[in-house]
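# Structural description and commentary
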Amino acid sequence: MDTHAHHRRRFLKGTTGPAARQAAMTEQVLADGSATAAELAERFGVSLMTIHRDLDELERQGIVRKFRGGVTAQPSGVFESNVQYRLKTMRAEKAAVAERALQLIEPGMAIMLDDSTSALEIARRPRLGEVTPLTVVTNFLEALNLLADQRGIHLMALGGDYDPLHSSFLGVSCVEAVQSLRVDVCFASTSAVHGGYAYHQEQHIVSVKRAMLDSAARNVLLIDHTKLARTALHRVAPLSRFDLLLVDDGAPADALRDLDEHKVRYEVCVTRGGDDPAGAT
């Protein structure tokens, strides 16, 4: 028997109280991507009825989504994955796209990063600190934390209502803050690209992204190949709003043909290793 797994099961079964159990369950599902109700009942040593009540609460909070017989952290047309799940997915692909995006940034620029984990990969790159002086504007707490102590970077935080599921600031006040600025380049991502449009699952995210696109002289869309030929509930913008689309080399030929048919300017970025499950923005 796997000793680590055995001790983990003992720990999970020893978790007391619904809040503690739901927190441990969240960690488990975000790590694994999905789980069946029967698996969770066995792991936590509680009844299926109790598990379904827990899953209903986690779904109500927007952390996971239920399906017949189980639960998943993976995105759908109306559900965007929790930021902690998105941070773990498609890392090599996002890194390849971010490396190319870095080449578009010049000293003295003001750039805007949305609250996508694809744009966050730009902030992760050590070379960003070499392209200075630089002004970086973002509503993403993860990016703010990464860049807060970077010398040569003038960091501007976009305020608003804090959304813990996205680790970002949103709402009317965020939109108004974006509208008061003008940047050289906006780097953004969306959950889906299909038929000449970029899509996202959540309307309150869409309004902020649209404002960001309006505030920039140039817009660059960053996506990993799993976003192509996928759709989501809300249209963000036509792909013609973006000066360039960057995608990793896992993009299938038919999806690239679709971009060609819609006269989208795109570049395919070479991925260097990595094997992550399909991600979200």
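Scroll up a little and you will see the structure.
The text that follows walks through the structure, step by step, so that each part is easy to find. Predicted, not measured: the structure shown is a model, and the values here were computed from it.

What counts as what
- Residues numbered from 1 in each chain as written.
- Predicted model: local features only at pLDDT ≥ 70, side-chain atom pairs only at ≥ 80, totals over all residues.
- Heavy atoms only, no water.
- Phe/Tyr/Trp six-rings, centres within 6.5 Å; stacked < 30°, edge-to-face > 60°.
- Lys NZ or Arg CZ within 6 Å of the ring centre and 35° of its normal.
- Salt bridge = Lys/Arg side-chain N within 4 Å of Asp/Glu carboxyl O.
- Helix = DSSP H or I, 4+ residues; strand = E, 2+ residues; numbered from the N terminus.

## Quick word on the packing of aromatic side chains
Tallying each qualifying case throughout the model produces 2 aromatic pairs. An angle of 55° between the planes, with centres 5.3 Å apart, marks the rings of Tyr162 and Phe169 as tilted. The positively charged end of Arg235 is found above the aromatic ring belonging to Tyr197, 3.6 Å away from the centroid.

## As for the pattern of salt bridges
What the rule picks out here adds up to 14 salt bridges. Ionic pairing is found between Arg21 and Asp54, a salt bridge with its closest N-O pair at 2.6 Å. Highlighted residues: Arg21 in helix H2 (residues 18–32) and Asp54 in helix H4 (residues 48–60), separated in sequence by 33 residues. Glu99 is paired through a salt bridge with Arg127; the nearest N and O atoms lie 2.9 Å apart. Highlighted residues: Glu99 in helix H6 (residues 91–102) and Arg127 in the loop between helix H7 (117–124) and strand E5 (134–138), separated in sequence by 28 residues. The network of salt bridges with shared partners includes Arg91, Glu99, Glu121, Arg124, Arg125 and Arg127.

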